[in-house]
Amino acid sequence: MIVILGTGIVGLFSALKLLKNGKKVKLIDIFEVKGKATNASVGMLAPLIEAKPYERELFDLMLDSKEIWDKFLKKKEFITQTKLKKNASLLVANNKDDEERIIFKRRFFKQLGFETQLLDSKTTLEIEPNLNSNIYCSLLCEKHNQVEPLPLIKYLFEQIKKMGGEVEKFNKIENFSFSKGKLRIQDSYYEAEKIVIACGVWSSKLLEKSIGITFPTRPIKGISMLFKTNKKLFSNNIWFRNIYLAPRDFNFLAVGATEDEKGFDNSVTLDEIHYITKSLWEHLPEIEKLKFQDIFSGLRSGVIDGSPIIGNLKNNKNIICAFGHFRHGILLAPVTAEIVYNYVCGSEIKKNYDFFSPDRFNL
Ligand SMILES: Cc1cc2nc3c(=O)[nH]c(=O)nc-3n(C[C@H](O)[C@H](O)[C@H](O)COP(=O)(O)OP(=O)(O)OC[C@H]3O[C@@H](n4cnc5c(N)ncnc54)[C@H](O)[C@@H]3O)c2cc1C
């Protein structure tokens with residue numbers, strides 16, 4: 001049996017991949033962890049917009065995962081259950097400064113091999129008439145999809161249960177011991193071939209207390225908000241300099257996101273509400289028409305070099321890490337699951353994926 005610790009998006013996708021390939025899987029989590037990143041996420045699947053000039057390996061990983069997401073677009077049930085949407089991203093420039101930034105990004109995207117369209121103000125407003133009329137221009141990035149994290153989690157849990165996956169929850173798990181195929185968590189014992197650590201930002205603490213290894217990760221808090229409007233405002237995912245909007249079914253609009261370093265505190269503070277609402281006020285007309293629905297707070301798992309940690313430990317090859325996905329965990333979950341599967345089965349790991357191995361920290 002393979003035991004996966006953590007039922008965020010990474011644990012769930014990994015479980016499903018293993019089950020589909022005939023492995024027996026048990027997922028273990030704890031009740032009421034505060035700040036699970038997956039639940040707060042907006043669900044953008046936008047590799048190009050997340051690309052950074054110095055992160056080529058990460059960008060390639062995002063593209064590989066996007067390819068898997070694109071295959072899901074052919075599955076009708078997946079689309080209806082998870083609200084996976086095929087849309088584009090529109091980067092909007094509100095002033096000259098933004099325009100320069102967009103033009104620079106366009107050049108960078110071209111270097112990466114991707115063509116985007118620079119649209120003048122008139123054309124932008126034809127596509128998105130509910131933007132401010134004084135916008136400068138925009139950049140249209142095609143095929144940047146979006147998924148709704150909460151229905152996605154529900155769907156994945158259902159599939160896992162259907163395929164015989166087990167889920168168990170503890171009140172608290174501070175550490176585990178795992179040796180010679182025997183896993184102990186508190187007073188429970190399991191026979192486990194391998195274990196996968198998919199506890200997001202809590203993974204490092206758990207490994208430190210269990211086997212004395214500390215990875216250079218830290219929590220980066222993010223707040224997102226959900227609004228409802230009387231009519232559909234946007235057709236594309238809209239990106240401004242500091243916030244982004246994801247139009248959802250039934251006139252819902254998800255807005256993300258803040259980025260703050262406040263340790264493991266996931267409470268929502270006034271400055272975070274102010275940051276998002278002030279940005280909306282600056283960028284959109286008639287914000288009085290946005291009816292507040294919900295607010296979410298999640299702790300992203302940031303790694304010192306910006307890349308996730310995926311692979312087995314040098315000193316215990318049966319412990320597989322799958323955490324540190326920072327801003328990209330929803331996008332990267334499917335490819336992470338494939339890599340986890342390869343480590344579990346001892347199959348060959350694609351050369352570029354070595355880059356993400358825990359070995360890079362020499363722990
Ligand atoms: C506001 C916000 C917006 C975001 N938007 C996007 C986006 O648009 N697109 C995108 O790709 N990504 C986005 N992200 C990032 C994405 O949400 C994360 O990278 C991703 O959810 C990480 O998933 P995970 O499974 O690794 O961790 P989590 O979702 O945090 O799950 C970790 C799991 O581990 C469990 N756990 C904790 N401790 C233990 C323990 N001791 N034992 C067992 N289980 C334990 C927790 O209960 C939890 O279930 C966003 C994040 C935030 C906060």
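The rules behind each value
Residues numbered from 1 in each chain as written. Predicted model: local features only at pLDDT ≥ 70, side-chain atom pairs only at ≥ 80, totals over all residues. Axes fitted to C-alpha atoms, helices over the stretch in contact; angles between N-to-C directions. Helix = DSSP H or I, 4+ residues; strand = E, 2+ residues; numbered from the N terminus. Parallel < 35°, antiparallel > 145°, perpendicular 65-115°, else oblique. Left-handed = near helix turned anticlockwise from the far one by under 90°. Contact = placed C-beta atoms within 7 Å. Nonpolar A, V, L, I, M, F, W, Y, C, P; charged D, E, K, R; others polar. Near = placed C-beta within 6 Å. Domains from an automatic or database assignment. Core = buried A, V, L, I, M, F, W, Y, C linked by C-beta atoms within 7 Å. Buried ≥ 20, exposed ≤ 12 C-beta atoms within 10 Å, placed from the backbone.

Novice: Give a description of the packing of helix α1 (residues 9-20) against helix α8 (residues 149-162) that names residues and reports values.
Specialist: Running from N to C, α1 and α8 cross one another at 30°; their axes reach a closest spacing of 10 Å. Comparing the axis directions of α1 and α8 gives the class roughly parallel. The crossing of α1 and α8 is left-handed. From α1, L12, F13, A15, L16 and L19 reach across to α8, where they touch I153, L156, F157, Q159 and I160. Here the contact of α1 with α8 is composed, by residue class, of 9 nonpolar, 1 polar and no charged.

Novice: Which residues make up the site of the ligand, and what are the values?
Specialist: Around the ligand lies a shell of 41 residues, among which G8, G200, G222, G298 and G329 are the nearest. Only α1, β2 (25-30), α2 (37-40), β13 (217-228), β17 (291-303) and α11 (329-345) provide two or more residues apiece to the shell around the ligand. Among the residues making up the shell around the ligand, the classes are represented as 21 nonpolar, 16 polar and 4 charged. No fewer than three residues from each of domain 1 (2-42 + 149-216 + 305-361) and domain 2 (87-147 + 218-303) sit in the shell around the ligand.

Novice: Run through the nonpolar core, naming residues and quoting values.
Specialist: Ranked by internal contacts, the top residues of the largest apolar core, which has 93 residues, are V196, I197, A322 and V340. Take this core: its biggest share by element is 11 residues, from α11. Taken domain by domain, the makeup of this core includes at least three residues from each of domain 1 (2-42 + 149-216 + 305-361) and domain 2 (87-147 + 218-303).

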